[in-house]
Amino acid sequence: MFTIAVCDDFPEELNIIKALLNMYRNERPGMDIHYGVFDSSEQLADALGAGQRFNLYLLDVLMPKIDGIALAQQIRAVDMDATVVFLTQSEDYALDAYRVSAMQYIVKPINKGILFTILDKIIAGQKQEEELFYVLSAPGRTVNILYSSIVAIEYIGRALRFHLTNGQYIESKTIRSAFSQAVAEIVKDKRFLSVHQSFVINMTHVRELHNRFIYMNNNLEVPIPRPKFVTVKNAYLRYLAEISAKLCEGA
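Throughout what follows, the structure given in this document is the object of discussion. (Residues numbered from 1 in each chain as written. Predicted model: local features only at pLDDT ≥ 70, side-chain atom pairs only at ≥ 80, totals over all residues. Heavy atoms only, no water.)

## Describing the sheet that holds strand β14 (residues 213–216)
As a general point, the strands of a sheet are linked pairwise by backbone hydrogen bonds and lie either parallel or antiparallel. We apply this condition: Pairing between strands is defined by DSSP: at least two bridges between the two strands are required. Here a helix means four or more residues in a row that DSSP labels H or I, a strand means two or more in a row labelled E, and each is numbered from the N terminus. In this analysis, axes come from line fits to C-alpha atoms, helices being fitted only over the stretch in contact, and the angle between any two N-to-C directions falls in the range 0 to 180 degrees.
The strand order β13-β14-β15 describes an open sheet built from three strands, whose pairing is antiparallel. The two strands at the open ends of the sheet, each matched to only one other strand, are β13 (206–210) and β15 (221–223). Along the sheet, successive strands turn relative to each other by an average axial angle of 20°, direction set aside.

Structure (structure tokens):
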């Protein structure tokens with residue numbers, strides 16, 4: 001099942017999006033898609049506080065009291081894996097979208113072709129990412145770890161510590177190879193970035209880059225060596241730009 005939250009304070013806009021989502025479901029009968037509609041950011045914030053979660057959040061940027069950017073920050077605080085897409089009247093919010101790890105923004109009026117292309121690629125991308133996993137040799141057991149559930153990999157005490165989206169971590173047996181060799185296969189995946197000799201992060205779970213630290217969605221703080229900060233920051237921004245470009249292909 002794939003779930004979508006739509007939040008816009010204009011009833012006319014909500015009706016348009018609802019009609020498009022109904023059309024999308026009708027044209028893709030093999031997909032199990034459900035959506036919830038929220039006519040204010042406060043309503044969606046309350047739903048989040050009550051534990052409700054969605055795979056995708058379609059958020060209007062300009063809303064009273066809590067705007068779309070601030071609402072996305074609240075979503076990131078409680079929902080580490082969801083995709084955020086902004087609905088906006090202007091492209092001026094692109095940088096703000098990157099700062100809260102939004103994967104895309106759609107300029108109103110919403111075009112059916114653009115929306116459907118984005119939905120197709122988000123859903124297909126989620127399925128593809130979930131199929132990839134790392135086989136970890138842990139003490140007394142072997143664990144298959146989905147790439148999508150890895151927040152970061154830390155080299156500590158000659159072992160690999162996998163920090164996961166559920167807030168827990170799993171450690172490997174003692175490894176004999178260098179850290180770079182142990183994670184070589186994982187960093188081939190464009191989601192992963194080596195930020196220094198003892199840490200690899202999954203960029204889909206970054207909350208913020210600030211003052212030579214990367215703050216992950218599970219509250220993990222990863223230090224970045226001063227000489228590498230600009231390189232890491234640029235790599236992260238390129239990754240977000242590439243994701244946005246891919247979502248727009250064919251739109």
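## Quick look at the packing of aromatic side chains
Definition in use: Only rings of Phe, Tyr and Trp enter the pairing, Trp through its six-membered ring, and a pair is recorded when the two centres are within 6.5 Å. The plane angle decides the type: under 30 degrees is stacked, over 60 is edge-to-face, the rest tilted. For the exposure calls, accessible area comes from a 1.4 Å probe over protein chains only, and a residue counts as buried if that area is under 20% of its type's maximum, exposed if over 50%, partly exposed in between. Our definition puts a charge over a ring when NZ of Lys or CZ of Arg is within 6 Å of the ring centre and also within 35 degrees of the ring normal.
In this structure the tally under the stated criterion is seven aromatic pairs. Measuring from ring centre to ring centre gives 5.8 Å for F54 and Y57, while their planes differ by 80°; the resulting arrangement is edge-to-face. Of the residues examined, F54 reaches a relative accessible area of 8% and is grouped as buried. Residue class for Y57 comes out buried when judged on its relative accessible area of 0%. Arranged with centres 5.6 Å apart and planes meeting at 85°, the rings of Y147 and F192 form a pair that is edge-to-face. Within this pair, whereas Y147 is found in the loop between β7 (141–146) and β8 (150–156), its partner F192 is found in strand β11 (residues 192–196), the two being separated by 45 residues in sequence. Considered together, Y147 and F192 belong to a single accessibility category, that of buried residues. Geometry around Y169 places R161 over its ring, the cationic atom sitting 4.1 Å from the centre.

## Points about the sheet that holds β11
One open sheet holds the five strands; their spatial order is β10-β9-β8-β12-β11, and the pairing between them is antiparallel. Only two strands of the sheet have a single partner each, and these edge strands are β10 (169–171) and β11. Averaged over neighbouring strand pairs, the angle between their axes works out to 20° when direction is ignored. Judged from the three bridges that link them, β8 and strand β12 (residues 199–202) form a sheet pairing that is antiparallel. The partner of A152 across the bridge, within β12, is I201.

## Remarks on the pattern of salt bridges
To be explicit about the condition: Put simply, a salt bridge is a Lys or Arg side-chain nitrogen that is within 4 Å of an Asp or Glu carboxyl oxygen.
Under the counting rule described, the total for this entry stands at nine salt bridges. K108 is the salt-bridge partner of D8, the closest N and O atoms lying 2.7 Å from each other. Of the two residues, D8 sits in the loop between β1 (2–7) and α1 (11–27) while K108 sits in the loop between β5 (104–107) and α5 (112–131), which places them 100 residues apart along the sequence. Here D8 falls in the buried class, since its relative accessible area comes to 0%. According to the relative accessible area criterion, K108 is buried, its value standing at 8%. One salt bridge connects E27 with K112, and the closest N-O pair in it is separated by 3.2 Å. Linking E27 in helix α1 with K112 in helix α5, this pair joins segments that are 85 residues apart in sequence.

## Considerations on α1
Where we set the bar: Here the expected span of a helix is defined as 1.5 Å times the quantity of residues minus one. Each direction from the helix axis to a C-beta atom contributes to the arc, which is the arc of those directions.
The terminal C-alpha atoms of α1, which comprises 17 residues, lie 24 Å apart, in line with the 24 Å expected from a rise of 1.5 Å per residue. Within α1 the residues assigned to the buried category are E13, L14, I17, L20, L21 and Y24. Viewed along the axis of α1, the buried residues span an arc of 130°, placing them on a single side of the element. Of the exposed residues in α1, the ones pointing more than 90 degrees away from its buried face are P11, E12 and N26.

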